[in-house]
Amino acid sequence: GAVVSQHPSWVICKSGTSVKIECRSLDFQATTMFWYRQFPKQSLMLMATSNEGSKATYEQGVEKDKFLINHASLTLSTLTVTSAHPEDSSFYICSARLPGVNTEAFFGQGTRLTVV
Amino acid sequence: QQQVKQSPQSLIVQKGGISIINCAYENTAFDYFPWYQQFPGKGPALLIAIRPDVSEKKEGRFTISFNKSAKQFSLHIMDSQPGDSATYFCAATQAGTALIFGKGTTLSVSS
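A brief report on the enclosed structure follows. What you see is a predicted model; the values in this text were computed from it and never measured.

What about the state of the cysteines?
Right, so step 1: Evaluated as defined, the whole model comprises two disulfides over all chains.
Right, so step 2: The disulfide partner of C23(A) is C94(A), and the gap between their sulfur atoms is 2.0 Å. Around the S-S axis, the bridge from C23(A) to C94(A) shows a dihedral of about 80° and counts as right-handed. On the criterion of sequence distance, the pair formed by C23(A) in strand 3 (residues 19-25) and C94(A) in strand 9 (residues 90-97) is long-range, its members being 71 residues apart.
Right, so step 3: What pairs with C23(B) in a disulfide is C90(B), and their sulfur atoms sit 1.8 Å apart. Since a negative S-S torsion denotes a left-handed disulfide, the C23(B)-C90(B) link at about -90° is left-handed. With C23(B) in strand 3 (residues 19-25) and C90(B) in strand 9 (residues 86-92), the pair connects residues that are 67 residues apart, well separated along the chain.
Right, so step 4: When its relative accessible area of 2% is taken as the criterion, C23(B) is described as buried.

Things to note about the interface of chain A and chain B
Right, so step 1: Taken together, the contact pairs 19 residues of chain A with 20 residues of chain B.
Right, so step 2: Summing both sides of the interface, chain A and chain B together bury roughly 1500 Å²; the carbon and sulfur share of this comes to 57%.
Right, so step 3: Viewed at the interface, chain B and chain A are joined by zero salt bridges.
Right, so step 4: Those elements that provide at least two residues to the side of chain A that touches chain B are strand 4 (32-38), strand 5 (44-51), strand 9 and strand 10 (105-107) of chain A.

Calculation criteria
- Residues numbered from 1 in each chain as written.
- Chains lettered and ligands numbered in written order.
- Predicted model: local features only at pLDDT ≥ 70, side-chain atom pairs only at ≥ 80, totals over all residues.
- Heavy atoms only, no water.
- Disulfide = S-S within 2.5 Å.
- Helix = DSSP H or I, 4+ residues; strand = E, 2+ residues; numbered from the N terminus.
- Buried < 20%, exposed > 50% of the residue type's maximum accessible area, 1.4 Å probe, protein only.
- Contact = heavy atoms within 4.5 Å.
- Buried area = accessible area lost by both parts, 1.4 Å probe.
- Salt bridge = Lys/Arg side-chain N within 4 Å of Asp/Glu carboxyl O.

Now the structure itself:
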């Protein structure tokens, strides 16, 4: 299957700092990527839909000024958690779908963010 | 409003047994129904998926059964193995939009 690479796999940062997470589609072009957040023993909750060359679409309740998403190319989307606080500690996962309708979605390996 | 309801929350099956996980959806516009397997600390991995024009799809030990009229679909894992112990998520989507996930089922296969 297609490969989606996410980096870093884990990061620890101090409260008040910003953290950038990268998501790359390695062997296909992804016009749309998705960012999810997962708390321990819970499901994946969609945060935003990232469209190449345009602004991301955020789900209700997700602060767009806190979670900055940039999709500058067909193979790269980034999520920046700004002014991180301990409550932002979570597992962040990106996803990309193959081009076309009703196509498979592939997920990155996730990023464990811990804010201390 | 939960668009995809998954049950059971947890499941214990003996090695060699059949694991069955069920999902129900509400949005009749959904047109793609995948199942994902997730191990601790890892991203979800696509296991098997089905589209509403078929009632069943089988890949190895994994089978999806789909009932369009009842708006339900299920995952059957035949000959369950300890290595199948993981969390399983059903999901649904329409026209290339983001996947909507069920709450997950933690499967434990005892040896």
